[in-house]
Amino acid sequence: MKNSDIKILLVDDEPDILEIVGYNLKNEGYKIFTAKNGVEALKIAEDEIPHLIILDIMMPEMDGIEACEKIRATDSLKNTLITFFTARGEDYSQVAGFNVGADDYITKPIKPKVLISKIKGLLRRVNKVESVSKNTDQINVGGIVIDREEYVIIKDGEKLSLPRKEFELFSLLASKPDKVFKRDDILNLVWGNEVVVGGRTIDVHIRKLREKIGDNYFKTVKGVGYKFVINED
């Protein structure tokens, strides 16, 4: 996808941030939209369906946390990436952001070149998951083929049969590389109401997946949950 095809919504109540960050992103060829608060951001997001939203947290009318929660509840925006733009020392805000569905966070102040590099890294996620056929039962993510029909994965040409819950957990995490899945969401989406399980159940299944697929593919986000990471080395 060309940069000129990518839409980015920048949301911040500081005019200088909108001007400077917007200028640097426009110079990279991206289509930039701006909003001064969460209310404006929601309206623009619903109209434009951006690929990425860069969202400040402390804003008037509607803050970034509430805006993110509303965006994630909008069907047409479920595939939009959201990164928070946070000030140093706001660790509590970072955890709160992940809890409402943010994909990542960027700490400000930040040098323009570093910001652009971070944005490019985020946007690479858009193309990380690609179909290997018209059959949606099979996808390729980071060179690992997930066959939902046969309940197997293929890594380095080798077929690996996984127990049902391990397979479902892996499929969930790999469906959105680098997205942090909260522990409660994992329990609901993988185990549902089948049986009462605790958080340690997830940890045990992650440990088994690390042993079978590779430790470097799974990252723990302390206090939040887990994410699947594609090794690009």
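Only a predicted model underlies this, so the values are computations on that prediction, with no experimental measurement involved. Think of each chain on its own: its residues are numbered from 1, step by step along the sequence as written. The predicted origin of the model limits local features to residues at a pLDDT of at least 70 and limits the giving and counting of side-chain atom pairs to 80 or more, whereas totals for whole chains, interfaces and linings rest on all residues. The basis for every side-chain value is the complete set of heavy atoms in the structure, and neither hydrogens nor water enter the calculation.

1. So, unusual backbone geometry
Between Lys108 and the following residue, Pro109, the backbone shows a cis peptide bond with an omega angle of 5 degrees. Numbering of helices and strands runs from the N terminus, with a helix taken as a DSSP run of H or I at least four residues long and a strand as a DSSP run of E at least two residues long. Of note, Pro109 is situated in the loop between strand E5 (104–108) and helix H5 (112–123). Despite not being glycine, Glu61 has its phi angle at roughly 70 degrees, a positive value.

2. Here we look at the UniProt feature "modified residue: 4-aspartylphosphate" (unreviewed entry) in the protein
UniProt positions are given in the numbering used here, feature names are shortened, and annotations may be inferred rather than shown by experiment. In the UniProt entry, the feature "modified residue: 4-aspartylphosphate" (unreviewed entry) is given for Asp56. With respect to the helices, strands and loops of the structure, Asp56 is situated in strand E3 (residues 52–56).

3. Focus on the sheet that holds strand E13 (residues 225–228)
Overall, antiparallel pairing links the three strands, which are arranged E11-E13-E12 in an open sheet. Strand pairing shows two members of the sheet lacking a second neighbour, strand E11 (181–182) and strand E12 (218–221), which therefore form its edges. Two strands are said to pair when DSSP picks up at least two bridges between them. In this sheet, E13 lies alongside E12 in antiparallel orientation, the contact comprising four bridges. The partner of Thr220 across the bridge, within E13, is Tyr226. Of the strands in this sheet, E11, E12 and E13 touch helix H6 (residues 164–175), which is tilted by about 70 degrees from E13. A contact between two residues is defined here by any heavy atoms of the two lying within 4.5 Å. Note on geometry: axes are lines fitted to C-alpha atoms, helical ones only across the stretch in contact, with angles between N-to-C directions running from 0 to 180 degrees.

4. Some points on the sheet that holds strand E2 (residues 31–35)
An order of E2-E1-E3-E4-E5 is seen for the five strands of this open sheet, with the pairing classed as parallel. Strand pairing shows two members of the sheet lacking a second neighbour, E2 and E5, which therefore form its edges. The sheet shows a mean angle of 20 degrees between the axes of neighbouring strands, direction not considered. Looking at chain direction, E3 and strand E4 (residues 81–87) are connected through five bridges and run parallel. Paired with Ile54 across the strands is Thr83, a residue of E4. Contacts from helix H1 (residues 15–27) reach strand E1 (7–11), E2, E3 and E4 within the one sheet, and its direction differs from that of E1 by about 165 degrees. Strand contacts of H5: E1, E3, E4 and E5, with the helix running at about 175 degrees to E5, the strand carrying the most contacts.

5. Remarks on a negative patch on the surface
What makes a patch is a set of residues exposed beyond 30% relative accessible area and free of salt bridges, joined within 9 Å when like-charged and within 5 Å when nonpolar (Val, Leu, Ile, Met, Phe, Trp, Tyr). The protein chains shown are the only cover counted for residues, whose accessible areas, like all others here, come from Shrake-Rupley with a 1.4 Å probe. Salt-bridge detection follows one rule: a side-chain nitrogen of Lys or Arg within 4 Å of a carboxyl oxygen of Asp or Glu. Residues counted as positive are Lys and Arg, residues counted as negative are Asp and Glu, and His and the chain ends are not counted. Lysine's charge is taken at NZ, arginine's at CZ, aspartate's at CG and glutamate's at CD. Residues Asp13, Glu14, Asp16 and Glu19 make up a contiguous surface patch of negative charge. With respect to the element layout, Asp16 can be found in helix H1.

6. What about the side chain of Thr80?
Residue position: Thr80 is located in the loop between helix H3 (64–72) and E4. Contacts described as polar in this section are N or O atom pairs within 3.5 Å, which, within protein, must combine one atom able to donate a hydrogen with one able to accept it, while residues neighboring in sequence count only if both atoms come from side chains. Engagement of the side chain of Thr80 in a polar contact is seen with the backbone oxygen of Pro50, the distance being 2.8 Å. Filtering out sequence-adjacent residues up to four positions away, Thr80 remains in contact with Pro50, His51, Leu52, Ile53, Arg72 and Asp103.

7. Examining the nonpolar core
Counting 27 residues, the largest nonpolar core has Ile153, Phe170, Leu173, Ile186, Phe218 and Phe228 as its most contacted members. No other element matches the six residues that H6 contributes to this core. If near-sequence neighbours (up to four positions away) are discounted, Leu173 is found in contact with Phe181, Ile186, Ile206, Phe218, Tyr226 and Phe228. Among buried residues, those of type Ala, Val, Leu, Ile, Met, Phe, Trp, Tyr and Cys that are joined through side-chain atoms within 4.5 Å constitute a nonpolar core. Burial classes follow relative accessibility: with a 1.4 Å probe on protein chains only, a residue under 20% of its type's maximum area counts as buried, one over 50% as exposed, and anything between as partly exposed. In terms of nonpolar packing, the next biggest core, distinct from the first, is built from 20 residues, Val11, Ala35, Ala41 and Ile53 among them.

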